[in-house]
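The primary structure of each chain is shown beneath.
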Amino acid sequence: MGAAVITGTVVAVNHLSKTKDSYHSILLYEIEGTAKVDRQGTGMMNGVENLYLESGDELTVEPESFTRLRLDDDKYVMVEENSALSIEAAGTKEDSRTTIHLTKGAIINEIQNPLSSGSTYEVTTPNSVMAVRGTTFRVEIYYDENGEAYTKVSVFDGEVASRLIFPDGTMDEEVVTSHGKEVIIHSNTDLTEYLGGIRDIDYEELPLSTLSFIAEIMDRGG
């Protein structure tokens, strides 16, 4: 991927304050290509480096682009091209609650330190919820020509607990995927199901930018 021009000239610094009710910091610290941030009450703005996001912001990453986020001081998210998500962050250091709602595309999550017993970190897609305590994993959501949804969860370190979301909104029991494994979840208007069970990660299917980020994590001792 060649170098791309970063659009936008204004860096917002009104990040979430570390008060009694919220201590979260969500920093967009690296961007290649083009990304947009849709903020309630402000509207659409260009994504730029050193932009602090707010809880509820919607982030869209364009083709041939990617961004990297730092949540607090020990959680990192790489947002791949053609992705859209929103982030909810609340609570205190003792009971932080982080939820990333991924509607298309893919993200890699690196949680460097185990969460406290009262804290949660979840990634949701239209057909599943993934919960972790401290791990490195990738979540991808894509759709076929009929509009049926597929969520792929690939775990590079630790464990990820996934729950199916059925068309009526109810959820199934947790299924745990451990490091080196991945699982695909399929859904349509009638059902939600696991496809083929848990399998080894197929690294040849991963984008080069994803493999590069994983290599960086390994270089850091992850």
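Residues numbered from 1 in each chain as written. Predicted model: local features only at pLDDT ≥ 70, side-chain atom pairs only at ≥ 80, totals over all residues. Heavy atoms only, no water.

1. Let's talk about the overall build of the protein chain
Put simply, the rule is: Think of it this way: any DSSP run of H or I at least four residues long counts as a helix, any run of E at least two long counts as a strand, and we number them from the N terminus. Buried residues are those whose accessible area, probed at 1.4 Å on protein chains only, stays under 20% of the maximum for their type, while exposed residues exceed 50% and partly exposed ones sit between those limits. We call two residues in contact whenever any of their non-hydrogen atoms come within 4.5 Å of each other. Each accessible area is a Shrake-Rupley estimate made with a 1.4 Å probe; only the visible protein chains count as cover when residues are assessed.
Helix and strand counts for the protein chain stand at one helix and 17 strands. Expressed as a percentage of the 222 residues in the protein chain, the buried residues total 45%. For the protein chain, the share of sequence-separated contacts (at least 6 apart) that also reach a separation of at least 24 residues comes to 51%. Summed over all atoms, the accessible surface of the protein chain reaches about 10,900 Å², with 48% contributed by carbon and sulfur.

2. Quick notes on the pairing of strand β6 (residues 66-71)
Stated formally: Here, a strand pair is defined by DSSP locating no fewer than two bridges between the strands.
Of all six residues in β6, five are buried, a share of seventy percent or more. Summarising the sheet, strand β1 (residues 26-32) and β6 pair through six bridges and their orientation is antiparallel. Looking at the pairing, L27 lines up with R70 of β6. Sheet analysis places β6 next to strand β7 (residues 75-79), joined by five bridges and oriented antiparallel. The residue bridging R68 from the neighbouring strand is M78, located in β7. Between β6 and β7, which pair antiparallel one after the other, the connecting turn spans three residues, and D72 there sits at a positive phi close to 55 degrees.

3. Focus on the confidence of the model for the protein chain
We apply this condition: Confidence of the predictor in every single residue is expressed as pLDDT, which spans 0 to 100.
Chain-level pLDDT for the protein chain is 88 on average; 89% of the residues reach the 70-or-more range. Mean pLDDT across the elements of the protein chain ranges from a minimum in helix α1 (residues 208-219), with 86, to a maximum in strand β5 (residues 58-61), with 98. Note on residues 1-22: pLDDT is under 50 here. Beyond four places in sequence and across chains, it has 47 contacts.

4. Let's talk about the pairing of β5
Of the two faces of β5, only one is covered, namely that formed by L59 and V61; the face formed by E58 and T60 stays uncovered. Sheet topology places β5 next to strand β8 (residues 83-90); four bridges connect them, and they run antiparallel. Counterpart to E58 in the pairing with β8 is S86.

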